[in-house]
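Breakdown of the fold
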Amino acid sequence: VARHLGELEQLVLLALIQLGDDGYGVGVQREIARRTGRDPSFATVYTTLARLEEKGLVESRLGDATRERGGRRKRFFVVRPAGRRALRESLRALRTMARGLDPSLETP
Amino acid sequence: MKPRRSAPPALAAWLLGHLLPEGERESFLGDLEESYRIAILPSRGRRAAARWYWGEAIRALLARRPGRAVDPNAPRGRPLTGTGSDLRYAVRQLVRSPLFAAISIALLSVGIGVNAALVSVIDTRLAHPVAGVPSIDGLVELELQRIRGANRPWTTFEEFLELRDRQRAFDHLAAVALTTFGETPIVDLGDATLEVAAVFVSGDYFAVMRPRMALGSPLPVVDDRRAVADPVAVVSYPFWRARLGSDSAVIGRTVRVNRVPVTIVGVLPRGFEPGRVPHTVELWLPLAMRPLIQSPPDRTGVTWPGRLPVESVVDGMTGRLRPGVSVEQATAALGAIAAGIGGRFRPEMPLTGVALHPLGDLSDSELWSGSAIIGNVTLLILLTACANVSILLLGRAVIRRREVAVRLALGARRSRVVRLLVVESVLLALLAGSAGILVAHWICEFFNARFPGMGTDYALSWRSVSVTLAFAAATGIAFGLVPALHATRASVGDALKSGFSATERHSSRLQHSFVVAEVALSMALVCAAWLLVGAFRGAAYEQQAYAASDRVLIADIQFSRSQGGVMFTEQRADALLSEMRARIARRPGVETVSFSSGHPLGIRNGNFVVVDSPERTASHAMEPVGATLVTADPDYFGTAGLRLRDGRDFTRTDSAGSPRVTVIGEHVAARLWPDGRAVGRTVMVGRLAVQPPADTVYMPHVVVGVVAEPSRSSRSLGSVYIPRLQLSPTADPRVRRDVSLVVRTGGPAAGYAAAIVQEIHALDPDVPVLDAASAWQRYYESNREGIAMTNGITLAGGITLFMACVGVYAVIAFGINQRTREIGIRMALGARRSQVVALFFRDGLRLALIGFVIGIPLSLLAMKLSLGSGSGEILTPGPIATVVGVLLVVTAVASWLPARRAAGVNPMEAARSE
């Protein structure tokens with residue numbers, strides 16, 4: 001199983017960490033949109049989450065239902081230790097690669 | 001905010017709910033709905049939010065995502081074997097080849113849509129054979145049988161009363177009396193005066209029919225024998241729409257019918273055309289009012305033995321059978337009564353029995369025969385669509401052989417692959433079916449909007465929708481299954497190998513046969529459709545169309561009508577017409593003015609005459625030729641826009657004292673002098689004396705012109721025109737005095753109508769001027785439905801041709817695109833671009849030619865089949881030649897454009913393509 005993360009995977013993992021206990025589809029999508037200015041579709045978010053889960057980097061459980069969701073339950077995702085490790089790895093790789101370059105690239 | 005308004009698009013949600021993998025469904029839908037309600041809807045508005053939701057849904061359905069491996073709480077999603085995943089795969093396949101999908105769906109949906117619309121129309125009519133009558137149980141029309149089979153066996157009023165009062169089989173038995181031409185009443189609406197087709201019905205007619213009135217109430221039940229104290233009428237729905245401005249306050253309004261004040265009490269339901277009452281009837285009056293309305297006009301010269309006075313005749317009878325009484329019992333009972341009456345009222349034609357015709361039996365109606373042709377054309381459209389799509393699908397299956405082979409090699413079961421392919425084509429067909437329903441809906445809407453007075457409200461029926469969807473699904477299975485079985489049968493090794501090397505020769509041979517089949521089939525189908533369209537166009541409405549023009553104004557001037565006691569003597573009428581002519585001709589914008597008693601779209605009073613040439617009369621070998629004698633004033637033919645084949649128009653010198661002249665119709669000329677010029681010869685015009693002494697009196701006239709007549713006037717009589725002033729004093733006064741004013745104008749004629757009517761009334765306010773309108777308006781008004789039908793069926797023929805063109809183009813272009821690699825190799829080996837293009841061009845034309853050779857006998861066969869038996873003489877090479885020409889152009893373009901494009905790309909890229 002590939003240990004390296006794609007960019008979207010990084011973004012989704014970071015969003016989940018930012019969200020803490022409240023990591024589900026809408027939160028992840030909104031967090032990415034708010035911080036990066038991109039607007040990923042739910043299909044993209046879900047595909048990425050499914051891939052991360054398949055890789056064993058996140059795990060999920062079903063939560064509570066609310067009225068504005070049409071009475072459907074949320075699926076909460078939390079990052080597993082393996083996910084944190086993978087994220088750390090890939091962020092370090094980025095930093096390493098950027099070192100010594102134009103100062104504007106150095107601090108991500 | 002209402003909860004319903006804030007819900008996301010239901011269809012998209014439904015699709016997601018059924019197509020998403022189960023493990024993801026709930027949370028995904030929830031997330032989407034939450035976002036939709038909380039973020040998107042408040043900030044973007046309903047429309048944009050719905051668009052956003054659909055966008056998300058489509059992306060989700062198309063997304064390629066791994067199966068959910070770990071799913072602790074929900075039941076595990078099924079592996080990629082469900083129909084859901086097949087469907088997703090199919091959607092992806094179609095999205096990936098949008099042109100193929102678009103062409104297939106467009107072709108099929110038009111074919112299916114036109115068919116569904118037709119089924120709907122027929123269903124609508126079958127469900128409501130008499131529109132506006134909720135129950136037709138037991139409704140029958142009654143026909144009396146007489147000893148001599150006269151072609152118009154009128155019933156006398158007395159016979160009807162006797163029959164009605166003695167029978168017990170019906171609750172009510174009602175009579176209908178039509179007004180015949182020349183006796184139709186004139187209605188003064190206050191702002192307009194017009195001639196209106198009317199029908200008189202006996203007192204209990206509406207108790208028999210029980211229509212659901214659009215407005216007001218039906219005619220009250222009255223005693224037919226008593227004179228009416230306060231005259232009332234009901235009007236037809238189209239009349240209410242067109243002439244009374246759809247005014248809902250019309251009930252209680254008084255109009256004048258032949259100067260008699262009549263109160264309108266009701267508007268009949270739309271499309272109310274029961275039985276043999278013509279659909280043109282606009283005014284319904286109680287039979288008891290007939291003496292009041294129809295004071296006998298002067299009818300000099302139109303009496304013959306056995307003719308009954310018009311006031312004492314009824315034309316038809318209608319009744320509703322009592323519950324439990326069968327048609328046979330009623331026939332027997334009324335037959336006995338009729339036989340008992342015998343010759344009491346008409347000794348020359350005693351009654352012998354009755355025949356009953358249940359209303360709503362459509363099997364011998366006009367709708368049925370007209371829809372037979374339309375049905376054939378729509379069937380041809382559907383066949384063309386199916387042929388095209390099946391060939392496209394076959395072609396596609398050939399291309400996908402390698403994909404199929406790979407799947408099989410990787411261990412997929414054959415049934416599994418077949419299902420995959422079938423699901424794809426069923427999806428295609430269902431999409432086309434849905435689009436087809438939309439098309440059918442539009443067609444119905446279009447007809448309803450465009451022809452509101454046409455009768456029934458056409459609406460999609462459930463039957464047509466279900467038939468359409470079933471047909472779509474069946475088409476999908478058939479088109480998908482055959483290629484799928486074919487593609488999965490080939491041995492895996494061969495297919496894989498051929499995919500890389502020898503594929504071109506094999507698959508291009510297949511492609512070639514597709515092109516040939518497509519050309520031949522399309523040609524046959526289009527030829528058959530063309531022929532049907534031609535037959536339909538030729539059959540109807542062309543009789544008058546040649547005279548329709550929007551630069552010609554026609555107004556009917558009927559001096560013979562005595563209105564309010566004002567009588568016009570012949571001298572007075574002649575003087576008025578001359579004065580009228582002079583005054584109108586002086587108006588700015590008016591080019592010429594003339595009169596005639598026999599314009600195709602105006603008054604058509606004519607005397608039946610026999611014409612003959614002196615040579616023929618002398619030989620006594622041949623029967624004289626029958627014709628209609630009408631009058632025309634100077635410049636008539638030029639003014640009316642009727643083409644003179646030979647000779648000249650009437651002039652001012654053709655007056656009472658000058659030599660007798662005539663202009664004859666070309667068919668009359670051809671009958672009299674089959675091999676020679678008619679102009680300059682003498683023709684004998686005579687009135688056939690019906691009563692003894694039966695000796696025809698001829699009057700010689702010199703032919704000065706021959707006028708064109710509509711091509712298919714074989715059934716109607718040709719015309720013989722004589723200057724009005726040269727007409728013999730014994731002629732029917734109506735031909736002498738009732739004429740159509742014909743004015744040729746510089747601009748659209750409708751704009752002159754009001755001014756010209758004013759001009760006439762300034763001369764004498766009592767001149768009865770009726771219905772001033774342009775020739776085109778008159779044509780359109782009288783033939784609305786026919787024009788609609790003709791346009792519709794012509795359009796249908798055009799659709800067939802268009803579909804054939806699209807199909808041929810698609811198949812050829814498709815084939816060339818498949819050979820992009822070959823083109824690349826040729827280019828890499830040094831072929832010049834022009835050479836490659838020429839090669840494919842030649843290839844395309846060669847295939848098309850083979851297609852034509854096969855197509856010609858097929859076309860002849862299809863044309864024969866579509867016309868039915870006994871119509872061989874209509875088979876002409878014209879349509880075939882035209883269709884070949886059109887398809888040839890399409891073939892040329894289809895083989896030139898893609899080849900040019902393919903030859904234009906970098907050879908390396910082309911060679912890599914696959």
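Within every chain, residues take consecutive numbers counted from 1 along the sequence as written. Each chain takes a letter, starting from A, and each ligand takes a number, starting from 1, following the order in which they are written. It should be noted that, the model being predicted, local features are given only for residues of pLDDT at least 70 and side-chain atom pairs only at 80 or more, the latter also being counted only at that level, while totals for whole chains, interfaces and linings use all residues. Only hydrogens and water are set aside when side-chain values are computed; all heavy atoms of the structure are taken into account.

A word on the overall build of chain A. Elements are defined by DSSP. Helices are runs of H or I of four residues or more, strands are runs of E of two residues or more, and each kind is numbered from the N terminus. Summing up its helical and strand segments, chain A has five helices and two strands in all. In sequence order, chain A lays out its α and β elements as α-α-α-β-β-α-α. A 1.4 Å probe rolled over the protein chains alone gives each residue an accessible area, and that area as a share of the maximum for its type sets the label: buried under 20%, exposed over 50%, partly exposed in between. Per-residue burial for chain A yields a buried fraction of 45% across its 108 residues. Counted over contacts in chain A with a minimum sequence separation of 6, partners at least 24 positions apart contribute 46%. Each accessible area is a Shrake-Rupley result for a 1.4 Å probe, and residues are judged covered by the shown protein chains and nothing else. Accessible area of chain A: about 6,100 Å², with a carbon and sulfur share of 50%. What makes two residues a contact is simply this: any of their non-hydrogen atoms within 4.5 Å.

Turning next to the interface of chain A and chain B. With 24 residues of chain A at the contact, the number on the chain B side is 31 residues. By salt bridge we mean one thing: a side-chain nitrogen of Lys or Arg within 4 Å of a carboxyl oxygen of Asp or Glu. The interface formed by chain A and chain B contains four salt bridges. The salt bridge partner of glutamate 34 of chain B is arginine 69 of chain A, with a shortest N-O separation of 2.7 Å. Two N or O atoms form a polar contact when they lie within 3.5 Å of each other; inside protein one atom must be a possible hydrogen donor and the other a possible acceptor, and for residues adjacent in sequence the pair counts only when both atoms belong to side chains. Taken together, chain A and chain B are joined by 13 residue pairs in polar contact (both at pLDDT 80 or more). Where the side of chain A that touches chain B is concerned, the elements lending two or more residues are α2 (25–36), α3 (42–54), β1 (58–65) and β2 (73–79) of chain A. When residues in the side of chain A that touches chain B are grouped by element, the largest group, eight residues, is from α3 of chain A. Among the residues forming the side of chain A that touches chain B, the class breakdown is seven nonpolar, five polar and twelve charged. Note that Gly is not counted as nonpolar here; it falls among the polar residues with everything else outside the nonpolar set of Ala, Val, Leu, Ile, Met, Phe, Trp, Tyr, Cys and Pro and the charged set of Asp, Glu, Lys and Arg.

So, on to the pattern of salt bridges. Inspection of the entire model under this criterion finds 29 salt bridges over all chains. Close ionic contact of glutamate 33 of chain B with arginine 72 of chain A constitutes a salt bridge, the shortest N to O distance being 2.8 Å. Taken together, the residues glutamate 33 of chain B in helix α2 (residues 22–44) and arginine 72 of chain A in the loop between β1 and β2 connect one chain to another. Judged by relative accessible area, which is 7%, glutamate 33 of chain B ranks as buried. Residue classification places arginine 72 of chain A among the partly exposed positions, given a relative accessible area of 21%. One continuous salt-bridge network, built from bridges that share partners, spans Glu579, Arg583, Arg587 and Glu759 of chain B.

We now examine helix α18 (residues 570–586) of chain B. All names here are of chain B. The end-to-end C-alpha separation of α18 is 25 Å, in line with the 24 Å expected for 17 residues at 1.5 Å each. Within α18, burial applies to Ala573, Leu576, Leu577, Met580, Arg581 and Ile584. For α18, the angular spread of buried residues about the axis comes to 135°, placing them on one side. Facing away from the buried side of α18 by more than 90 degrees, the exposed set consists of Gln571 and Arg586. Expected helix span is taken as 1.5 Å per residue step, with the number of steps being one fewer than the number of residues. It is the directions from the helix axis to the C-beta atoms whose arc is reported.

Residue and element names in this part refer to chain B. Only one face of strand β9 (residues 254–257) is covered, namely the face carrying Val255 and Val257; the face carrying Thr254 and Arg256 is uncovered. The criterion for strand pairing is that DSSP finds at least two bridges linking the strands in question. Sheet topology note: the strand β4 (residues 186–188)/β9 ladder contains two bridges and is antiparallel. Within β9, the residue paired with aspartate 188 across the bridge is arginine 256. With four bridges joining them, β9 and strand β10 (residues 260–267) adopt antiparallel strand pairing. Of the residues in β10, the one forming a bridge with arginine 256 is proline 261. Taking the residues that link successive antiparallel strands as the turn, the β9-β10 hairpin has two residues, and the phi of asparagine 258 there is positive, at about 50°.

Time to look at the packing of α2 of chain A against α2 of chain B. In this analysis an axis means a line fitted to C-alpha atoms, helices contributing only their contacting stretch, and an angle means the value between N-to-C directions, from 0 to 180 degrees. Across the interface, α2 of chain A lies against α2 of chain B with an axial gap of 8 Å and an inter-helix angle of 55°. In terms of orientation, α2 of chain A and α2 of chain B fall into the oblique class. Along the contact surface, α2 of chain A presents Gly25, Val26 and Arg30 of chain A, while α2 of chain B presents Asp31, Glu34 and Ser35 of chain B. In the contact of α2 of chain A with α2 of chain B, the residues fall into one nonpolar, two polar and three charged. Roughly parallel means an angle under 35 degrees; roughly antiparallel, over 145; roughly perpendicular, 65 to 115; everything else is oblique.

Moving on to the confidence of the model for chain B. All names here are of chain B. Mean pLDDT over chain B: 76, with 77% of residues reaching 70 or higher. The predictor attaches a confidence to each residue, and that confidence, scored 0 to 100, is pLDDT. Averaged pLDDT values over the elements of chain B bottom out at 53 in helix α15 (residues 492–500) and peak at 93 in strand β8 (residues 232–235). Segment residues 296–308 is flagged for pLDDT under 50; beyond a separation of four residues in sequence, or across chains, it makes 23 contacts in the model. Here residues 363–367 is modelled with pLDDT under 50, and outside its nearest four sequence neighbours on either side it reaches three contacts, counting other chains as well. Scoring of the predicted complex yields 0.54 for pTM and 0.86 for ipTM.

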